[in-house]
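Understanding the architecture of this molecule
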Amino acid sequence: MVENRPILNILAHLVLILGVLVVAFPIYIAFIASTHGPTDFLSGLIPLTPGHDTWHTYMTMLTTGMQTSGMPPLSLQMMNSLIMALTIAIGKISISIISAYAIVYFRFPFRNLAFWLIFITLMLPVEVRILPTYKVVADLGMLDTYAGLTIPLIASATATFLFRQVFLTIPDELMEAARIDGAGPMKFFWDILLPMSRNNIAALFVILFIYGWNQYLWPLLITTDASHYTIVMGIKRMADVADSQPQWNYIMATAILAMLPPVLVVIFMQKLFVKGLIETEK
Amino acid sequence: MAAITLEAVGKSYAGGVKVVHSIDLAIEDGEFVVLVGPSGCGKSTLLRMVAGLETVTEGQISIGGRMVNEVEPAERDIAMVFQNYALYPHMTVRQNLAYGLKNRKMAKDEITRRVDEAAQILEIGAFLDRKPRALSGGQRQRVAMGRAIVREPAAFLFDEPLSNLDAKLRVQMRGEIKQLQARLGTTSIYVTHDQLEAMTLAHRLVVLNGGRIEQVGTPLEVYRKPASTFVAAFIGSPAMNLLEARAEGGVAHVGGGRVPLEAAVSGTVTLGLRPEDVRPVDAGTDGAFVLKLAYVEELGAQKLVHGTVEGHKFACALPSDALLGDELHLVPEPGAAHGFDAQSGKRLG
């Protein structure tokens, strides 16, 4: 509806502003908490104005971590998270775009069976098959490795379906024109399909990067060695301290740092992300 | 440039559905052949078999004397223009034209030369660096043709290339395709369901129906001597009037009048008369038949009068100043009547 009523406009803005406040306030609290010294919380009251320990808190966390609760420096954990998120995102995209290509453009025996097998894995996310998956990874000696962290999460039915849908919207004539132009299957894939799916790849990358970054349960299970901790599971470790107060300033600093990369990815890829999800220019 | 030969070419799909039945056709070097027929008559399938996009299940296709049944489309030395243009949306016009040549590992300066030449012929030089989505329908059509021209192929294959354009542009592009083909002299096969497009473009027409050839001939041959009632009804606009009549000794009796036929036949025949091949005469003229008027369409230069002759629908084209009553008395122009066998629909004589 295209209506221009000032009152409705004001109301809409009020609702939106309220929504933003509800979402933003806890983040604000987290940030404020990370700027105070460790003793400022003992009173049970959370301050609402910035403190003076910002630099010290963040530098400590990034460079030395929290030795008392076995936390390596955050820079290392963030690097681990980054490696994990990137590997999962890129791995998922590569594998699913290739399998979607096979399913849509090639006629081979058991094509439908392959399609349905991929489809069925939708019903079996990591949480459901976590024990057998752990067993397999452990037997393969991949505990406490990047391979163990990432490979079990790479196979993805959703991404395969997304690319399948994208490929189905590309007219057959384009493939035929490419055949007449002398482009074989590989050339067609590289020269035509990949560039045409660019926006979808970007959109999927954003989603998958955040998915990979936010993984909690799997890294918690698979890593016992501090050098492979990821930041999201690290937060929880810091909150679980025995016989002492959790150091909220450090925990909150970690939370803020853990939030940054996904936010940056969204901000910088927003345009492509939206394009990839809505655009059908073919 | 090459001749194309089809020998007993047939196509059936896995379920046993047969869409093309044993087509024999010899297309000469430099000839412009139009495959025309209603939708589902197998014309596109036939073209795609020549292109190599559909497998040939029976018979042989040769291009330039070489059997190409098992040859990849890219190796057949043909270029195809698709109905929806099939331009690569992420490439500029220049890249679209050059893509096929690049894949053939042609030298860069040769590619540039060919692209520039094609751009000049088709007057698309001004938007060589634009993406297809920034072009109008007509411009996209030109680019699609440019992609065919740069290849300098043995044959052009056109798959209803004009059906996505508006009527005015279609007429214009039709003229351009005809001139272009005459200029380049490349063997061309053109598929359309538009009989007017077929008539205006073709050196030779191939009328298809139900996967079989009904008639092959120049546009005028097909127009003047349709081989069957199907061709008679399909070619020519407005369509030929077809009505049942009783014939005696080569004269058909219909609507109280007498229409002489070419062949000395007797019995029931299907009489074919083109709307423009009848002439109004005064009542009581010997041999005239009677048309009962239903409605009139004014076309400007002519008027199209619709009515019935002995209960059969009949249309005739008259000069726009013709005077009309409730009834018209008509006689056919000499030699204009077509007789068809009432059962098989085949031409008599």
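What this report covers is the structure whose coordinates are included nearby. Just so we're clear, the structure is a prediction, and the values are computed from it rather than from any experiment.

Here we look at the overall build of chain A
The helix and strand tally for chain A stands at 13 helices and zero strands. Mapped from its N terminus to its C terminus, chain A presents α and β elements in the order α-α-α-α-α-α-α-α-α-α-α-α-α. Taken over C-alpha atoms, the radius of gyration comes to 24 Å for chain A, far larger than the 19 Å a tight globule of 282 residues would show. Within chain A, buried positions represent 40% of all 282 residues. Within chain A, contacts between residues separated by at least 24 positions form 72% of all contacts whose residues are at least 6 apart in sequence.

Considerations on a nonpolar patch on the surface
Residues and elements named next belong to chain A. On the surface, Leu18, Val22, Val23, Ile27, Met259, Val263, Leu264, Ile267 and Phe268 cluster together into a nonpolar patch covering about 860 Å² of accessible area. Among the elements of the structure, helix H1 (6-34) and helix H13 (248-278) are those that each provide at least two residues to the nonpolar patch. Considering each element in turn, the nonpolar patch owes the most residues, five residues, to H13. Along the chain, Met259 falls in helix H13.

A short note on the pattern of salt bridges
Residue and element names in this part refer to chain B. Under the defined criterion, the tally for this structure stands at 23 salt bridges over all chains. Between Glu248 and Arg246 there is a salt bridge, with the nearest N and O atoms lying 2.9 Å from each other. The class for Glu248 is partly exposed, based on a relative accessible area of 48%. Measuring nitrogen to oxygen at the nearest pair gives 3.9 Å for the salt bridge that ties Glu333 to Arg279. With Glu333 in the loop between strand E19 (327-332) and strand E20 (338-341) and Arg279 in strand E15 (residues 278-281), this residue pair connects regions lying 54 residues apart in the sequence.

Observations concerning H13 of chain A
Working note: α-helix, 3.6 residues per turn, so residues spaced by three or four point in the same direction. Taking 1.5 Å per residue, 31 residues should reach 45 Å; H13 of chain A reaches 42 Å between its end C-alpha atoms and fits that length. Taken as a whole, H13 of chain A carries its principal kink of about 70° at Met269 of chain A.

Re the sheet that holds strand E11 (residues 241-248) of chain B
The strands making up a sheet are joined through hydrogen bonds of the backbone, oriented either antiparallel or parallel. Residue and element names in this part refer to chain B. Reading across the sheet, the five strands line up as E13-E12-E11-E14-E20 and stay open at both edges, with antiparallel pairing between neighbours. Looking at strand neighbours, the two that pair on one side only are strand E13 (257-260) and E20, the edges of this open sheet. Strand-to-strand, the axes of this sheet are offset by a mean angle of 45°, without reference to chain direction. Pairing between E11 and strand E12 (residues 251-254): three bridges, direction antiparallel. Each residue of the ladder has a partner; that of Ala247, found in E12, is Ala252.

Focus: the sheet that holds strand E1 (residues 4-12) of chain B
Residue and element names in this part refer to chain B. Overall, antiparallel pairing links the four strands, which are arranged E2-E1-E4-E5 in an open sheet. Two strands in the sheet have a free side with no partner beyond their single neighbour: strand E2 (18-27) and strand E5 (66-67). Of the pairings in the sheet, the one linking E1 to strand E4 (residues 58-63) comprises five bridges and is antiparallel in character. Among the inter-strand pairings, Thr5 is bridged to a residue of E4, identified as Ser62. The sheet strands contacting helix H1 (residues 43-51) are E1, E2 and E4, and the helix crosses E1 at an angle near 120°.

About the cut-offs
Every chain's residues receive numbers from 1 upward, in the order its sequence appears when written. Think of it this way: whatever chain is written first is A, whatever ligand is written first is 1, and the rest follow in order. Where local features are concerned, this predicted model is filtered to residues with pLDDT of at least 70; where side-chain atom pairs are given and counted, the filter is 80 or more; whole-chain, interface and lining totals use all residues. To obtain the side-chain values, all non-hydrogen atoms of the structure were used and water was disregarded. Helix and strand definitions here come from DSSP, where helices need a minimum of 4 consecutive H or I residues and strands a minimum of 2 consecutive E residues; each element is numbered from the N-terminal end. As a reference, a globule follows 2.2 Å times the number of residues to the power 0.38, and the radius of gyration itself is taken over C-alpha atoms. Relative accessibility under 20% of the residue-type maximum defines a buried residue, over 50% an exposed one, and the middle range a partly exposed one, all with a 1.4 Å probe and only protein chains included. The contact criterion used throughout is that any non-hydrogen atoms of two residues lie within 4.5 Å. Like charges are joined within 9 Å and nonpolar side chains (Val, Leu, Ile, Met, Phe, Trp, Tyr) within 5 Å, but only among residues with over 30% relative accessible area and no salt bridge; these make up the patches. In these tables, accessible area is a Shrake-Rupley quantity obtained with a 1.4 Å probe, and a residue counts as shielded only by the protein chains included in the view. By definition here, a salt bridge exists when the distance from a side-chain nitrogen of Lys or Arg to a carboxyl oxygen of Asp or Glu is within 4 Å. One fewer than the residue count of a helix, multiplied by 1.5 Å, yields its expected span. Bend at a residue means the angle formed by two fitted axes: the first through the 7 residues ending at that position, the second through the 7 residues beginning there. We call two strands paired when DSSP finds no fewer than two bridges between them. Axis geometry follows a simple rule: fit a line to the C-alpha atoms, using only the stretch in contact for helices, then measure angles between N-to-C directions, giving values from 0 to 180 degrees.

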